[in-house]
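Summary of structural features
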Amino acid sequence: MPRPKHTKTRSHQPVPSPRCWRAAWPEPSSASLQFGSNTAPPKPIQRWSASDYAKNGRFVQEMAGAVFAMLASKPGERILDLGCGDGVLTTEIKATGADVLGVDLSDELLAVARMKGLRVRKLDGHALDFVSEFDAVFSNMALHWMRKPKLVIAGVYRALKPRGRFVAEFGGHGNVAAIATAMRAVGVLRNGNPELVTPWFFPTVEEYGALLTEGGFTVKEIALVPRLTPLKTGIEGWLRTFGRSLFDQFAEPERTKFVGKVIELLRPSLCDSRGVWTADHVRVRFIAERGA
Ligand code: BEZ
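The structure contained in this document is the topic of the report that follows. All values reported here derive from a predicted model rather than from experimental measurement.

Considerations on the site of the ligand
In the region of the ligand, the neighbouring residues are V60, M141, G171, N175, V176, W200, F242 and H281. Class assignment for the residues of the shell around the ligand results in 5 nonpolar, 3 polar and no charged.

Brief notes about the environment of E207
The topology assignment puts E207 in helix α10 (residues 205–214). Expressed as a C-alpha distance, the spacing of E207 and H173, which sit 34 residues apart in the sequence, is 9.6 Å.

With respect to the sheet that holds strand β3 (residues 120–122)
Hydrogen bonds between backbone atoms are what pair the strands of a sheet, whose relative direction is either parallel or antiparallel. With mixed pairing, 7 strands are arranged side by side in an open sheet as β3-β2-β1-β4-β5-β7-β6. Each edge of the open sheet carries a strand with a single partner, namely β3 and β6 (217–230). Taken pair by pair, the neighbouring strands of this sheet meet at an average axis angle of 15°, ignoring direction. The pairing of strand β4 (residues 134–140) with strand β5 (residues 160–171) spans 6 bridges and is parallel. Residue pairing across strands places A136 opposite R165, the latter belonging to β5.

Considering unusual backbone geometry
Of the consecutive residues E252 and P253, the connecting peptide bond is found in the cis state with omega at 5°. As for its placement among the helices and strands, P253 is situated in the loop between α12 (244–247) and α13 (254–270). Positive phi is not limited to glycine here, since R163 has a value of about 70°. Mapped onto the elements, R163 comes out in strand β5.

Describing the nonpolar core
Of all hydrophobic cores here, the largest spans 54 residues; its most connected members are I79, L80, V137, F138, V156, F166 and A168. Among the elements that line this core, the one with the most residues is helix α7 (residues 149–159), at 6 residues. Once residues lying within four places of it in the same chain are set aside, the contact partners of L80 are L101, V103, F130, F134, V137, F138 and A159. Within the second largest apolar cluster, 21 residues are counted, among which are V176, A180, L239 and F258.

A few points about the packing of helix α11 (residues 234–242) against α13
The contact between α11 and α13 brings their axes to 10 Å, and the two run at 130°. With respect to α13, the axis of α11 lies oblique. Of the two elements, α11 crosses α13, and the hand of that crossing is right-handed. Contacts between α11 and α13 pair I235, E236, L239 and R240 from the former with V259, V262, I263, L266 and L270 from the latter. A breakdown of the residues in the contact of α11 with α13 according to their chemical character gives 7 nonpolar, no polar and 2 charged.

Cut-offs used in this document
Within each chain, residue numbers correspond to sequence positions counted from 1 in written order. With the structure being a predicted model, the display of local features is reserved for residues of pLDDT at least 70 and the display and counting of side-chain atom pairs for 80 or more, all residues being used for whole-chain, interface and lining totals. What makes a residue near a molecule or strand is its C-beta atom, placed from the backbone, lying within 6 Å of it. Any residue that is not Ala, Val, Leu, Ile, Met, Phe, Trp, Tyr, Cys, Pro, Asp, Glu, Lys or Arg is counted as polar, Gly included; the first ten are nonpolar and the last four charged. The secondary structure listing takes helices from DSSP runs of H or I that are at least 4 residues long and strands from runs of E that are at least 2 residues long, numbered from the N terminus. Only when DSSP finds a minimum of two bridges between them are two strands counted as paired. Note on method: axes are straight lines fitted to C-alpha atoms, helices fitted across the in-contact stretch only, with angles between N-to-C directions ranging 0 to 180 degrees. By convention in this section, buried Ala, Val, Leu, Ile, Met, Phe, Trp, Tyr and Cys residues joined through C-beta atoms within 7 Å make up a nonpolar core. Buried means a residue has 20 or more other C-beta atoms within 10 Å of its own C-beta, exposed means 12 or fewer, and partly exposed covers the counts in between; C-beta atoms are placed from the backbone. We call two residues in contact whenever the C-beta atoms placed from their backbones are within 7 Å. Our angle categories are set so that under 35 degrees counts as roughly parallel, over 145 as roughly antiparallel, 65 to 115 as roughly perpendicular, and the remainder as oblique. Helix crossings fall into two classes, left-handed where the near helix is turned counterclockwise from the far one by less than a right angle and right-handed where it is turned clockwise.

And the structure:
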């Protein structure tokens, strides 16, 4: 089984960029943000730059080996790659002989995936429109951008054939806790829109396991995996790539000033004496089977 050399991404789209957004604090309750069961997909929140992602998101690619091995795709299987991004892992799945379709919301990342000769579609993970088509749905580091997990799980259930498998890894409880706290601190002081400050869904395994079970899946394995990750391109690249929804609310020169503030808050916790930055990553990794 070839191990992926790289990984991919997730979706989501432009956000209006008011210079300063006055809104009540704290953030919306976890119930409304994370588990909301109304049927409307939340507004896309994040813009992606394919080149920034390729440069600053490589750690994501380097961490995908275990979940890729868990998928164990076989020749002829039909696989949906949910949040395929620029298609790095989609390519690896295709190389196993499987028939893979990638879906994502980012036009820019999908364009890169198409250039690799991959079959991809622009589609919101909250609104999957497949019916009993796939042997497996795979997702790497995309589900934490999808803030209504019940909608996502219901769409994955419909998309799978009976007894099909859902195999995924994404940000879990405590993921990038220091980074998120520093972003919130700066967001609060600058009156940022709370919904855009840290727009991620990082559940515990108990929470996500229960959502899968309620959604008709049998959870075969689920674990929270802490993973300290040295950031080869430093913290600024991380913030400007993954924290865009916070910083895009502000015009320059304030934007750069606010990025600098977050970096200074983080330095004592995440930067060592040699100037090496480490991110406090925590992943949820699971395999679940759709009922018959
Ligand atoms: C992560 O790799 O842990 C991550 C990526 C994007 C947003 C938040 C966290």
